[in-house]
Amino acid sequence: MNGYICEKSPGPGGTHYHVKAAVGICHNCGIGVCAEHSERAPQPGSSLLCPSCAELLHRAEAKQIQTQPELQPV
C-alpha cells in the first residue's frame, strides 16, 4: 500500500516515482500514511494519525484545556 499523501503529490517532472510505502492507516480517517506523513503521540498504544487529523486532535485538546474550569481551593 502506498502513502496516500505521497501518492497525491507529484514527484520530479510530474512523475509518481519515489512514492513511499505506507507504514499504517490513520486511526481517524483511514488513509494510508508513510513514516514522513504520520504522527503518533509518545505514549505507548497511541493512535497513528495523518497530519490533518493530528492537527484537529491538537486543536481539540487545546480547546478542552482552555474551557476547563480552574479548581478553587476550599
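It should be noted that the structure appears before, not after, this text.
Just so it is clear, the model here is predicted, and its values are computed rather than measured. (Residues numbered from 1 in each chain as written. Predicted model: local features only at pLDDT ≥ 70, side-chain atom pairs only at ≥ 80, totals over all residues. Heavy atoms only, no water.)

(A) Looking closely at the overall build of the protein. A tally of regular secondary structure across the protein gives two helices and four strands. The N-to-C order of helical and strand elements in the protein reads α-β-β-β-β-α. Out of the 74 residues belonging to the protein, those deemed buried represent 19%. Here the contacts in the protein between residues at least 6 apart in sequence split such that 23% fall between residues at least 24 apart. (Helix = DSSP H or I, 4+ residues; strand = E, 2+ residues; numbered from the N terminus. Buried < 20%, exposed > 50% of the residue type's maximum accessible area, 1.4 Å probe, protein only. Contact = heavy atoms within 4.5 Å.)

(B) Region of interest: the environment of Ala 41. Structurally, Ala 41 can be placed in the loop between strand S3 (39-40) and strand S4 (48-49). Under the relative-accessibility criterion, Ala 41 is labelled partly exposed at 34%. Between the alpha carbons of Ala 41 and Ala 54 there is a distance of 9.3 Å; along the sequence they are 13 residues apart. Excluding residues that lie within four positions of it along the chain, Ala 41 makes contacts with Ser 46 and Ser 47.

(C) Region of the structure containing the state of the cysteines. Here the structure, examined in full by the defined rule, presents zero disulfides. The thiol of Cys 26 is unpaired, and the distance to the nearest cysteine sulfur, on Cys 29, comes to 3.7 Å. Judged by its relative accessible area of 3%, Cys 26 is buried. (Disulfide = S-S within 2.5 Å.)

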